[in-house]
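# Results of the structural survey
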Amino acid sequence: MSMSVGGTVSAASNFRSLARFLVGTALGAMLASGTAFAQGQPAEASDDDAIVVTGIRSSLQSALSEKRNADSLIEVIQAEDIGKLPDQNLAEVLENITGVQITREAGVGTGVQIRGTNDNRVEINGVSTVGSGSGRGGISFEDVSASIIASVEVTKAPEAKTIEGSVGGTINLRTIRPLDLREPLIAARAQGEYSELSKSVTPRVSATFGNNWSTGIGEIGIVLSGSYAQQEATSFRPRVDLDGGLVENVNAAVIRNGVLENQPTQRPAAQPFDFVGIQFLNQELENFEYDTKNFAGTIEWAPSDNLKFYFDTVYNDQERRQDSSRVQGSGVNVILNHSVPTSFRTVDFGSLDGVKLGSIQVAETGVLEPNLAVDRDDPNLRFSSDVGARLTKSEIYRLGTEFSAGRLTGRVEASRSISNTSNPDLSTTLNFINPNAPVFTGNDNAVPFRYDLSGGSLRFGINFDSPLAPTVAQLLDPANVVLQQVVIGNDSTRNKEDAFRVDLSLDVEDLTPFFTSFDIGHRYNKTTSTFNDVGTTLTLSALNDSPRGSLFADLLVPGPNNFGDGDGRDLFFKDFLLVDPDRAFSDREGTIDILRQALLAAPGRRVLNDASANSAGFFTINETTHAVYGQANFAAGPIRGNFGLRWLDTRLDSIGNSVTGNTVTQVVTRGGYSKLLPRVNVVADLADDILLRASWGRDINRPDFDLLSTSVSFVTSENAAASIGNPNLRPETVTSYDASVDWYFAPASVLSIGVFHKKRTDLFVTQLEDAPLDANGFRDITAPCEGGGIYNPIAFRNQLSPIGGSGMCVPILTTINDTGNTTQTGIEVAVQYDLSQFEDVLGFASGFGIVANYTYQEFGGGDAVNESAVRGTDIFNAINGIYNDANFEPVVAKQGLLDFSKHAYNVTLYYEKYGLSARARYTWRSAFRTLDTVGGATLASTFGFPVVTSARGQLNASINYDVTDFLNIGVEGVNLTKSKISQYCVNDGALLCGEGLPDRRITFGASLRF
């Protein structure tokens, strides 16, 4: 599809020429990555717009044409050919859009933030999707293959008829419509993906068939798309905790609970200055293996020009298996007062809410040598095999009709979205018994470590120079490990939404001088989310209960030894044993049986129970909504747009269980709300090539289902807070203002500048209630936790209790509505340009083009705060010379918006000519606060504040070549520069807490189209 641009404004002609020159010159200087980006119109496109285009330039031109015709702010990415969106992963596809940033898991795009928020809707062909968990965002992006999607639409400024429920925008994944095809469609693609860290090649195939026929009963069309993909994604994630590592200076008068604790003779590590030492070491290798099947089918029947029936179905089946490992250096804080670092670095914690926190010395290099005279069993070494999985089947059905009768057109549609997820888990932890160190108590003993935190990297491993160090052979000997913990789980989640809608439009274009049509509609939906907590945990704290690895040696395999491949490091845990994760997943019952036999062969004869339902963790949320809207569409001279009202009424039941002893009582909490949502969109054609857009509207953001639950689930970590729901949460209200100017300064080119402002009321914010420590740094291990927190019956007592076993008071994490108003204000700039118009002058160079965008945004207001956790408070007070806990003051700071980057940009340089299609995209986002931590760190271990993921950029690229008119071959690369992730505690650049070293992946293959 080509596009012509009409007359020009004389005042802008010189500027247009200058812009052409500047943008063209910038092509050689800017590094970018390939995209198909533009703003566009709603899913119900006309015949001309809905035809699938081919080639990068054609897809960009078509999307840009949609942008010019849109009455509201909607952005579109179109596939350049069947099954060929600009990226393999849908999250990375969306990253091409202005104002969109993504988060990744093991290097794979999983989360999407639109204008700094995760609270967005995901639809397929306009139908709500439901997720695999208890969130509201819809289907996970890694569950849907990009190969079955024809285009992606993002609505940033909703109309009255747009379904409510998003803060940043609504994402609609569109499949091919069969009656829009102009010729039969047969296409297929086969690829292989090489994962560098996994050292694996996995297959990916897809195929599409479509056609339509004229019959005696009207037009009939069908499209069938399917895909099968395997993928392995690996990330190395070292983590170092230092929040409990305070060593006060030798001259400090330290008073805890009124008792003077300063005894220099017992603290040889104490220096003339305060310093922070090592508390915990965690080397995590995160590995996910995906097995994904997708199918999309559509049948359309138009018995006449005025009537059409359609049926859509989308089926997704994903097995996401976790095959991860963790090597932990635990009990390190016990030797803080005896372990003197060999070098220190000064860490400035920066400021929070304008209050300068100050600086302190932090251990940089050194050894952690066991002190057998003081604590004879620490530090210790343990190995964990994490074999959790997510098995999700999602189904979407849409049945409807579109009709017209004179001036009246309408649509009647019924839909159902279902997601069933199970989470089988058989994770195990082994304690290493060092033959070169004595065993005194418990089921572990001491191992010497070495650490080097210099150069912005977290490196640590065994100190083989120590006389207590084990040999490699000893580390790999099954007789030197004992079983410490077994976690068996099979949680399940079922989400379902049934919806029915009627939409009517009355054409009045030739009856009034201003209005073109009036729209009204009603939508009913019933949504249900049910979660069952099923599992059992066996924790062994006594050597008498813990079978040696020789009793289950058939299950043990060496753990991965390639941790250094991420960045070339040579200091890491190289040699260790794990319960075979492949066998634990594929032969779950056989693995459990061997472990049971080993337990019965140990003197303690402990019993490993089957997984059972935890009544206290169960919940069901039932939600019913009626929504009606009225919308007026208008056009007068250069002005067009729409305005209207959407009214909704929601009723919900939160069903959970109250457990007292062996008595289980069902508890039902009922609630509801009604909202009126006005929305206005205006477009003004200021000139033939300049458009002004303005929008104002209101939307709501409903809380996730688990946030409404009255139930509570626990994990085994003593540092993990227990999440408790709040059924009284109110939905967040969002009022949005948008304005932008689009200048179409050349064919298939645009320069767009826009501003947006959001006022958010009742923002959801997390609050941590810490479980206090006593004078010895231990937590309460008995219910009902009078000092604070909640009793976790399965928490493994490790560093925070002098007594082994399970059960202790842990922090509480809950969600509340912020009492203050919050705001987001931003600027978006986008440019699209290519040199095709200069083919006669530039020749081959006319194949170049560029797409780029930049977003700046600020967040302000709000009353909710984070407060420093207990051990963080110790450090911040020591910085200020306060050593008497009677005078301690916690650090308090406004919480802010999570996963919110102030700055973000991406730049795409592409080339398309002579059958060659190539592009490179560089995407960058500035630092952001997040609860998505490396190695599972919690707020309690990150000083009480969300960590800061530092600024990061990533380079993706692809090159394809048309061998014939039917055959295309290509190769694509993701994270070509292997950009790492750095997470800091308290503030960006302050204390490095964790790293992520994600994979580099290369995909190669061929496509056929007939």
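The rules behind these values
Residues numbered from 1 in each chain as written. Predicted model: local features only at pLDDT ≥ 70, side-chain atom pairs only at ≥ 80, totals over all residues. Heavy atoms only, no water. Helix = DSSP H or I, 4+ residues; strand = E, 2+ residues; numbered from the N terminus. Buried < 20%, exposed > 50% of the residue type's maximum accessible area, 1.4 Å probe, protein only. Areas by Shrake-Rupley, 256 points an atom, 1.4 Å probe, with all protein chains shown as cover. Lys, Arg positive; Asp, Glu negative; His and termini not counted. Charge placed at Lys NZ, Arg CZ, Asp CG, Glu CD. Phe/Tyr/Trp six-rings, centres within 6.5 Å; stacked < 30°, edge-to-face > 60°. Lys NZ or Arg CZ within 6 Å of the ring centre and 35° of its normal. Disulfide = S-S within 2.5 Å. Pairing = 2+ DSSP bridges. Axes fitted to C-alpha atoms, helices over the stretch in contact; angles between N-to-C directions. Contact = heavy atoms within 4.5 Å. Core = buried A, V, L, I, M, F, W, Y, C linked by side-chain atoms within 4.5 Å. Patch = residues over 30% accessible without salt bridge, like charges linked within 9 Å, V, L, I, M, F, W, Y side chains within 5 Å. Salt bridge = Lys/Arg side-chain N within 4 Å of Asp/Glu carboxyl O. Polar contact = N/O pair within 3.5 Å; in protein donor to acceptor, adjacent residues only side chain to side chain. pLDDT = per-residue confidence, 0-100. Expected span 1.5 Å × (residues − 1). Arc of directions from axis to C-beta.

## What to know about the overall build of the chain
- Looking only at helices and strands, one finds nine helices and 57 strands in the chain.
- Taken over 1010 residues, the chain has a buried fraction of 59%.
- Total accessible area on the chain stands at roughly 36,900 Å², and carbon and sulfur atoms take up 55% of it.
- Of the charged side chains in the chain, 81 are positive and 117 negative, and the gap between their average positions amounts to 2 Å.

## Considering the packing of aromatic side chains
- Applying the stated criterion across every chain, the model contains 25 aromatic pairs.
- Seen from their ring centres, Trp301 and Phe309 are 5.5 Å apart, and the 25° between their planes marks the pair as stacked.
- In this structure Trp301 comes out as partly exposed when scored by relative accessible area, which is 33%.
- A relative accessible area of 33% places Phe309 in the partly exposed class.
- Here the aromatic rings of Phe515 and Phe518 are separated by 5.0 Å at their centres, their planes lie at 40°, and the arrangement is tilted.
- Here the aromatic residues Phe514, Phe515, Phe518, Phe634 and Phe643 are joined through ring pairs into a cluster of three or more.
- The ring of Phe705 has Arg136 lying over it, and the distance from NZ or CZ to the ring centre is 4.1 Å.

## Side note on the state of the cysteines
- Scanning all chains against the criterion turns up two disulfides.
- Each sulfur in the disulfide pair Cys785 and Cys809 lies 2.0 Å from the other. Its S-S torsion of approximately -100° makes the covalent link between Cys785 and Cys809 left-handed. A residue pair is termed long-range when its members are at least 10 positions apart, and Cys785 in the loop between strand 41 (764–769) and strand 42 (790–796) and Cys809 in strand 43 (residues 806–810) qualify at 24 residues.
- With a relative accessible area of 6%, Cys785 lands in the buried category.
- By relative accessible area, which is 2% here, Cys809 ends up buried.
- There is a disulfide in this structure between Cys985 and Cys993, and the S-S distance comes to 1.9 Å. Residue Cys985 shares its accessibility class with Cys993, and that shared class is buried.

## Observations concerning the sheet that holds strand 44 (residues 812–817)
- Taken together, three strands build an open sheet; the order of strands is 38-44-41 and the sheet is mixed. Sheet topology places strand 38 (722–724) and strand 41 at the edges, where each strand pairs with a single neighbour. On average, each strand axis in the sheet is tilted by 30° relative to the strand beside it, whichever way the strands run.
- As paired strands, strand 41 and strand 44 are joined by six bridges and run antiparallel to one another. Looking at the pairing, Leu768 lines up with Leu813 of strand 44.

## Digging into the environment of Gly672
- Counting through the fold element by element, Gly672 comes out in strand 36 (residues 663–687).
- For the pair Gly672 and Pro731, spaced 59 residues apart in sequence, the C-alpha to C-alpha distance is 9.7 Å.
- Ignoring any residue separated from it by four or fewer positions in sequence, one finds Gly672 in contact with Thr650 and Arg651.

## Looking at the nonpolar core
- By size, the foremost hydrophobic cluster in this structure holds 70 residues, and its most contacted members are Ile278, Phe349, Leu381, Phe552 and Phe943.
- If one sorts the elements of this core by residue count, helix 7 (residues 588–601) sits on top with five residues.
- What Phe943 contacts, discounting residues up to four positions off in sequence, is Leu242, Asp243, Phe349, Glu867, Ser868, Ala869, Gly872, Ile875, Phe876, Cys985, Val986 and Leu991.
- Counting residues in hydrophobic clusters, the runner-up holds 28 residues, among them Val100, Val122, Ala296 and Ile396.

## Topic: the environment of Leu504
- With respect to the secondary-structure elements, Leu504 resides in strand 28 (residues 481–507).
- Residue Leu504 is classed as partly exposed on the basis of its relative accessible area of 25%.
- The spatial distance from the C-alpha of Leu504 to the C-alpha of Ser654 is 34 Å, given a sequence separation of 150 residues.

## Here we look at the pairing of strand 29 (residues 515–532)
- Sheet topology places strand 28 next to strand 29; 16 bridges connect them, and they run antiparallel. Residue pairing in the sheet places Val502 in a bridge with His522 of strand 29.
- Judged from the 16 bridges that link them, strand 29 and strand 34 (residues 619–636) form a sheet pairing that is antiparallel. Each residue of the ladder has a partner; that of His522, found in strand 34, is Val628.

## Some remarks on a nonpolar patch on the surface
- Side chains of Ile186, Phe209, Trp213, Leu224, Phe295, Phe966, Leu1008 and Phe1010 sit close together on the surface and give an oily, nonpolar patch of about 740 Å² of accessible area.
- Mapped onto the elements, Phe295 comes out in strand 16 (residues 280–304).

## Focus: unusual backbone geometry
- In this model, Ala783 is joined to Pro784 through a cis peptide bond whose omega is 15°.
- Its location among the elements puts Pro784 in the loop between strand 41 and strand 42.
- The backbone of Arg115 shows a phi angle near 50°, a positive value even though the residue is not glycine.
- In this structure, Arg115 sits in the loop between strand 4 (108–114) and strand 5 (121–124).
- For Asn125, which is not glycine, the phi torsion reads 55° and is therefore positive.

## Focus: the pairing of strand 27 (residues 459–462)
- Relative to strand 27, strand 26 (residues 449–452) is paired through four bridges, and the arrangement is antiparallel. Considered in strand 27, the bridge of Phe449 is made with Ile462.
- Counting the residues that bridge the hairpin from strand 26 to strand 27 gives six residues, and of these Gly455 lies at a positive phi of roughly 70°.

## Digging into the pattern of salt bridges
- Under the criterion given, the structure shown has 67 salt bridges.
- In this structure, Arg411 and Asp503 form a salt bridge, with 3.4 Å as the shortest nitrogen-oxygen distance. Taken together, the residues span a long stretch of sequence, with Arg411 in strand 25 (residues 408–432) and Asp503 in strand 28 at a distance of 92 residues. Here Arg411 and Asp503 have matching classes, each one buried.
- We note a salt bridge from Asp503 to Arg501, for which the minimum N-O separation is 2.8 Å.

## Comments concerning helix 9 (residues 870–879)
- The buried fraction of helix 9 is high, at eight of 10 residues.
- Among the residues of helix 9, those classed as buried are Arg871, Gly872, Thr873, Asp874, Ile875, Phe876, Asn877 and Ala878.
- Its buried side turned inward, helix 9 meets strand 12 (246–247), strand 13 (255–256), strand 15 (275–276) and strand 22 (359–368).
- Looking one or two residues past helix 9, Gly881 carries a phi angle of roughly 75°, positive in sign.

## Points about the side chain of Ser979
- Looking at the secondary structure, you find Ser979 in the loop between strand 54 (967–974) and strand 55 (981–985).
- At 2.7 Å, the side chain of Ser979 forms a polar contact with the backbone oxygen of Gly953.
- Ignoring any residue separated from it by four or fewer positions in sequence, one finds Ser979 in contact with Arg952, Gly953, Gln954 and Pro998.

## Quick word on the confidence of the model for the chain
- Looking at the chain, the pLDDT average stands at 89 and 94% of residues meet or exceed 70.
- A low-confidence stretch, residues 1–53 stays under pLDDT 50, and its non-local contacts, those more than four residues away or across chains, total 157 contacts.

## Overview of helix 7
- The end-to-end C-alpha distance of helix 7 is 20 Å, a good match for the 20 Å that 14 residues give at a rise of 1.5 Å each.
- Those residues of helix 7 not exposed but buried are Arg588, Thr591, Ile592, Ile594, Leu595, Ala598 and Leu599. Projected down its long axis, helix 7 shows its buried positions confined to an angular sector of 160°, all on one face. Away from its buried face, by an angle of more than 90 degrees, helix 7 presents the exposed residues Glu589 and Ala601.
- Residues of helix 7 that are buried in the fold lie against strand 25, strand 28, strand 30 (534–539), strand 32 (577–579) and helix 6 (581–586).

## Looking at the environment of Arg411
- Under the relative-accessibility criterion, Arg411 is labelled buried at 17%.
- As a C-alpha pair, Arg411 and Leu197 span 214 residues in sequence and 50 Å in three-dimensional space.

## Structural notes on the side chain of Arg382
- Its place among the elements puts Arg382 in strand 23 (residues 380–386).
- Among the polar contacts made by the side chain of Arg382, one reaches the side chain of Asn431 at a distance of 3.0 Å.
- When near neighbours in sequence (up to four residues on either side) are disregarded, Arg382 contacts Arg326, Val327, Gln328, Ser330, Thr429, Leu430, Asn431, Asp444, Gln484, Phe796 and Asn798.

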